[in-house]
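Per-entry structural report
Chain residues, written in single-letter form:
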Amino acid sequence: MAGLPYVTLRGGCRMPLVGFGTWKTKKGEAYAAVCAALEAGYRHLDCAHVYVNEEEVGNGIQGSGVPRSQIFITSKLWNTFHHPSAVRAACDQTLAALKTNYLDLYLMHWPMGFKPGEDLFPLDENDKVITDGTDFLDTWEAMEALVDAGVIRALGLSNFNCDQIRKILNKPGLKHKPVVNQIESHPYLTQDRLIAFCREHGIEVTAYSPLGSPDRSWASVNEPKLLEDPCVCAIASKHKKTPAQVLIRFHVQRGVMVIPKSVTKARIHENIQVFDFELTADDMKSLTSLNKNWRACPMQWAVDHKDYPFNTDF
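In this report, the structure presented in the accompanying data block is examined.

Rules and cut-offs
Residues numbered from 1 in each chain as written. Predicted model: local features only at pLDDT ≥ 70, side-chain atom pairs only at ≥ 80, totals over all residues. Heavy atoms only, no water. Helix = DSSP H or I, 4+ residues; strand = E, 2+ residues; numbered from the N terminus. Contact = heavy atoms within 4.5 Å. Buried < 20%, exposed > 50% of the residue type's maximum accessible area, 1.4 Å probe, protein only. Core = buried A, V, L, I, M, F, W, Y, C linked by side-chain atoms within 4.5 Å. Pairing = 2+ DSSP bridges. Disulfide = S-S within 2.5 Å. Salt bridge = Lys/Arg side-chain N within 4 Å of Asp/Glu carboxyl O. Axes fitted to C-alpha atoms, helices over the stretch in contact; angles between N-to-C directions. Parallel < 35°, antiparallel > 145°, perpendicular 65-115°, else oblique. Left-handed = near helix turned anticlockwise from the far one by under 90°. Nonpolar A, V, L, I, M, F, W, Y, C, P; charged D, E, K, R; others polar. Polar contact = N/O pair within 3.5 Å; in protein donor to acceptor, adjacent residues only side chain to side chain. Right-handed = clockwise from strand over helix to strand, strands pointing away.

Examined against the element boundaries, His 186 turns out to sit in the loop between β8 (180–184) and α6 (192–200). Ignoring anything within four residues of it in the chain, the contact list for His 186 reads Ser 209, Pro 210, Gly 212, Leu 226, Phe 250, His 251 and Trp 294.

In this model, Ser 213 sits at a positive phi of 45 degrees, which is unusual for a non-glycine residue. For Lys 240, which is not a glycine, the phi torsion comes out positive at approximately 55 degrees. Within the secondary structure, Lys 240 sits in the loop between α7 (230–239) and α8 (243–254). The class for Lys 240 is exposed, based on a relative accessible area of 75%.

Moving on, we come to helix α1 (residues 30–40). In terms of burial, α1 is a largely internal element, 8 of the 11 residues being buried. Inspection of α1 places Ala 30, Ala 33, Val 34, Cys 35, Ala 36, Ala 37, Leu 38 and Ala 40 among the buried residues, and these make up the whole buried set. Buried residues in α1 make contact with β3 (20–21), β4 (44–46), α2 (54–64) and α9 (265–270). Looking one or two places after α1, you find Gly 41, whose phi comes out positive at around 115 degrees.

Before going further, it helps to spend a moment on the nonpolar core. Ranked by size, the top nonpolar core spans 104 residues in total, and within it Leu 9, Tyr 106, Ile 152 and Ile 165 carry the most contacts. In this structure Ile 152 touches Cys 91, Leu 103, Tyr 106, Leu 146 and Val 147, once residues within four positions along its chain are discounted.

A separate point is the side chain of Glu 56. The residue Glu 56 is located in helix α2 in this model. For Glu 56, the contacting residues outside a window of four places in its chain are Lys 26, Lys 27, Gly 28, Glu 29, Ala 30 and Tyr 31.

Moving on, we get to the sheet that holds β3. Through backbone hydrogen bonds, the strands of a sheet pair up, either in parallel or in antiparallel fashion. Overall, parallel pairing links the 8 strands, which are arranged β3-β4-β5-β6-β7-β8-β9-β10 in an open sheet. A strand with exactly one partner marks an edge of an open sheet, and here the two such strands are β3 and β10 (257–258). Alignment of strand β6 (residues 105–108) against strand β7 (residues 155–158), held across 3 bridges, turns out to be parallel. The residue bridging Met 108 from the neighbouring strand is Leu 157, located in β7.

Now for the state of the cysteines. This structure, assessed with the given rule, holds 0 disulfides. Looking at the unpaired Cys 13, the closest cysteine sulfur is the one in Cys 91, lying at 15 Å. For Cys 297, which is in no disulfide, the shortest distance to another cysteine sulfur is to Cys 47 and amounts to 17 Å.

Moving on, we come to the pattern of salt bridges. If you walk through the whole model with that rule in mind, you get 12 salt bridges. Where Asp 104 meets Arg 68, a salt bridge forms, and the shortest distance between an N and an O atom there is 3.0 Å. Highlighted residues: Asp 104 in the loop between α3 (84–98) and β6 and Arg 68 in the loop between α2 and β5 (72–77), separated in sequence by 36 residues. For Lys 175, the salt bridge is made with Asp 148, and the minimal N-O distance between the two is 2.6 Å.

Put simply, α7 and helix α10 (residues 281–288) touch, their axes get as near as 10 Å, and they point 160 degrees apart. On the basis of the axis angle, α7 is roughly antiparallel to α10. When the axes of α7 and α10 are compared, the crossing they make is left-handed. Contacts between α7 and α10 involve Cys 231, Val 232, Ile 235, Lys 238 and His 239 from the first element and Asp 283, Ser 286 and Leu 287 from the second. Across the contact of α7 with α10, the residue classes break down as 4 nonpolar, 2 polar and 2 charged.

As for its placement among the helices and strands, Tyr 188 is situated in the loop between β8 and α6. On the basis of relative accessibility, which here comes to 3%, the residue Tyr 188 falls in the buried class. Considering only alpha carbons, one finds Tyr 188 and Arg 249, 61 residues apart in sequence, at a separation of 15 Å. Apart from residues lying up to four places away in sequence, Tyr 188 is in contact with Pro 224, Lys 225, Leu 226, Asp 229, Leu 290, Asn 291, Lys 292, Asn 293 and Trp 294. A polar contact is formed between the side chain of Tyr 188 and the side chain of Asp 229, at a distance of 2.6 Å.

For strand β9 (residues 204–208), the tally of buried residues reaches 4 of 5 residues, placing the bulk of the element in the interior. Pairing of β8 with β9 involves 5 bridges; the strand directions are parallel. In the sheet register, Glu 184 faces β9, and the bridge partner there is Tyr 208. For the crossover that starts at β8, traverses α6 and ends in the parallel β9, the hand is right-handed. Here 2 bridges tie β9 to β10, and the two strands are oriented parallel to one another. When the bridges of β10 are listed, Ala 207 appears paired with Val 258.

Distances and angles like these do not, on their own, reveal function.
In structure tokens:
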């Protein structure tokens, strides 16, 4: 990973500042996308069981010719595997799919446990998620055992609010503190307070959906579009960069890791070309002023879950 800016996590792992996201990368596209990303210089791949493409991602890693030791791989424990007895098997499934014997970082994807089974989004007759009654503190304890077993280098969280993070940090007998919280963040959802809270507690932050995820299936016609925002486009024009590059650079300058996704080779290459320019203080102020606490990924079908994370200020 020489030459790529990185963040040093608690414990010493070096995590590249810009990674390659694999969410919404369909089967038949993931292999070529991962090969293109590694060819372009990415050395941080963000994966998850729920993306249903980890086997193809693993094939891409092998096909790229880049040694496993040079790639930082993140994956995530899905919500249907929150029961402590299911955690090791879920991790082993991911390891087998990615064709590796360890992960650099394993995240609890959400603080919410779902009913176990083949259905990744088990819903009742009212289209609300069916819960499993688990406590994420018990799930975390089972994840800690993965570090002790040597199959995970570091543990982290995703979509956790400040109160939920406190519960993890204050857990009796805590053996391994979370080193990362992966959250949605972009100029429409700057997350300044949550990022500051995480840093106060030695937790680094990764921003997902940095471009606003305009290609997600539940996007509405009338919602705001980051890539078309006049302020973003004006700053991009000034620096002779794309709006996407400006949105990625926004996080780089905040010291927040960021995982843009694309399946287009040219865009994959463009999205990592963000280290040859710098946004001015006024640019950063303008981008931050766009904040409207708008979420592309509110997980709206889980709003009634006891551990739904977005009912607090941050």
